Amino acid sequence: MTDFIKLIDQVRHCTLCAEHLPHGVRPVVQIHPNAKILIAGQAPGRKVHESGIPFDDASGDRLRDWMGIDKETFYNPEKIAILPMGFCYPGTGKSGDLPPRRECAVAWREKLIQQLPQLELILAIGQYAQAYHLAEKKKTLTETVLNWQDYLVADGPAILPLPHPSPRNNIWLKRNGWFEKEVIPELKQRVYSLL
């Protein structure tokens, strides 16, 4: 456990991409070796950057609803690990938040995932997490999520690709009604069985 504590301390004090972050460094992660579920998101948004609490926004409310769990369960690191592809808020671009910085994944991701020996399910949220965690993804996020069953049968933890739960994706959710009819019940069942 000492190595784990040292690693987490290094992550929380990371400044690898400080010069590229307009709002400063504030790594936001949640992890414990007992966690069975990993939420692999993109990067903290502005509100999460300010609070330091992962998914402390409307996206988190929707994600918890999709998973069928309450905040107490969601924020229990012994049950759920939360490791975005970029640990700090990257700032805002023309059409929303900028992509996650690559430095986090290169420096920390494998070291942290190795600290999750109980891991059974990875929720790969958005294109950046899917590109990292899926051996083969489809041309678009929609195609990847539509073929979600292909990723549940791999060696190691099952991977469930999801769209981002952001309110910005309301139009996507309306256009793709199959997601809430097919994927959400499977997600809730798997989360329930693991917790």
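Scroll up a little and you will see the structure.
Here is what the cut-offs are and how they apply
- Residues numbered from 1 in each chain as written.
- Predicted model: local features only at pLDDT ≥ 70, side-chain atom pairs only at ≥ 80, totals over all residues.
- Heavy atoms only, no water.
- Salt bridge = Lys/Arg side-chain N within 4 Å of Asp/Glu carboxyl O.
- Helix = DSSP H or I, 4+ residues; strand = E, 2+ residues; numbered from the N terminus.
- Buried < 20%, exposed > 50% of the residue type's maximum accessible area, 1.4 Å probe, protein only.
- Disulfide = S-S within 2.5 Å.
- Pairing = 2+ DSSP bridges.
- Axes fitted to C-alpha atoms, helices over the stretch in contact; angles between N-to-C directions.
- Contact = heavy atoms within 4.5 Å.
- Parallel < 35°, antiparallel > 145°, perpendicular 65-115°, else oblique.
- Nonpolar A, V, L, I, M, F, W, Y, C, P; charged D, E, K, R; others polar.
- Core = buried A, V, L, I, M, F, W, Y, C linked by side-chain atoms within 4.5 Å.

This brings us to the pattern of salt bridges. For the structure on display, the rule yields five salt bridges. Here D150 and K138 are joined by a salt bridge, their closest N and O atoms 3.9 Å apart. Of this pair, D150 sits in the loop between α7 (141–146) and β6 (158–162) while K138 sits in the loop between α6 (126–133) and α7, and the two are twelve residues apart along the sequence. In this structure D150 comes out as partly exposed when scored by relative accessible area, which is 44%.

Attention now goes to the state of the cysteines. With the rule as written, the count across this model stands at zero disulfides. Here C88 is not cross-linked by a disulfide; its sulfur's nearest cysteine counterpart is in C17, at 5.5 Å. In this structure C104 is not part of a disulfide, and its nearest cysteine sulfur, from C17, lies 5.0 Å away. Judged by its relative accessible area of 5%, C104 falls in the buried class.

The strands making up a sheet associate through hydrogen bonds between their backbones, and the pairing can be parallel or antiparallel. Taken together, the four strands give an open sheet; going across it, the order is β2-β1-β5-β6, and neighbouring strands pair in parallel fashion. Each end of this open sheet is capped by a strand with a single partner; those strands are β2 (80–82) and β6. Going across the sheet, the axis of each strand differs from the next one's by a mean of 20°, ignoring polarity. As defined by bridge partners, strand β5 (residues 121–125) adjoins β6 across five bridges and the pair is classed as parallel. Bridging across to β6, L123 finds its partner in L160. Contacting β1 (37–40), β2 and β5, helix α3 (residues 58–67) runs over the sheet at an angle of about 145° to β1.

Counting buried positions over the five residues of β5 gives five, a clear majority of the element. Of the two faces of β5, both are covered, the one formed by L121, L123 and I125 as well as the one formed by I122 and A124. Examined bridge by bridge, β1 and β5 share four bridges and lie parallel to one another. Bridge assignment links I39 to a residue of β5, and that residue is L123.

If you want to describe how two helices pack, look at the angle between their axes and the distance between the axes. With their axes 7 Å apart at the nearest point, α3 and helix α9 (residues 178–194) run at an angle of 75° to one another. By the angle class used here, α3 and α9 are roughly perpendicular. Side by side, α3 and α9 meet where D65, W66 and M67 of the first sit next to F179, E180, I184, L187, K188 and V191 of the second. Grouping the amino acids of the contact of α3 with α9 by side-chain chemistry returns six nonpolar, no polar and three charged.

Turning our attention to the nonpolar core. Counting 28 residues, the largest nonpolar core has I39, M67, L123, L160, F179 and L187 as the members making the most contacts within it. Looking at this core, the element that brings in the most residues is α9, giving seven residues. Other than its neighbours up to four places away in sequence, I39 contacts F55, L63, M67, F74, I80, A81, I82, L83, L123 and I125. Listed in part, the 27 residues of the second largest apolar core include L83, M85, I113 and Y151.

Without other data, these values stay purely geometric and don't point to any function.
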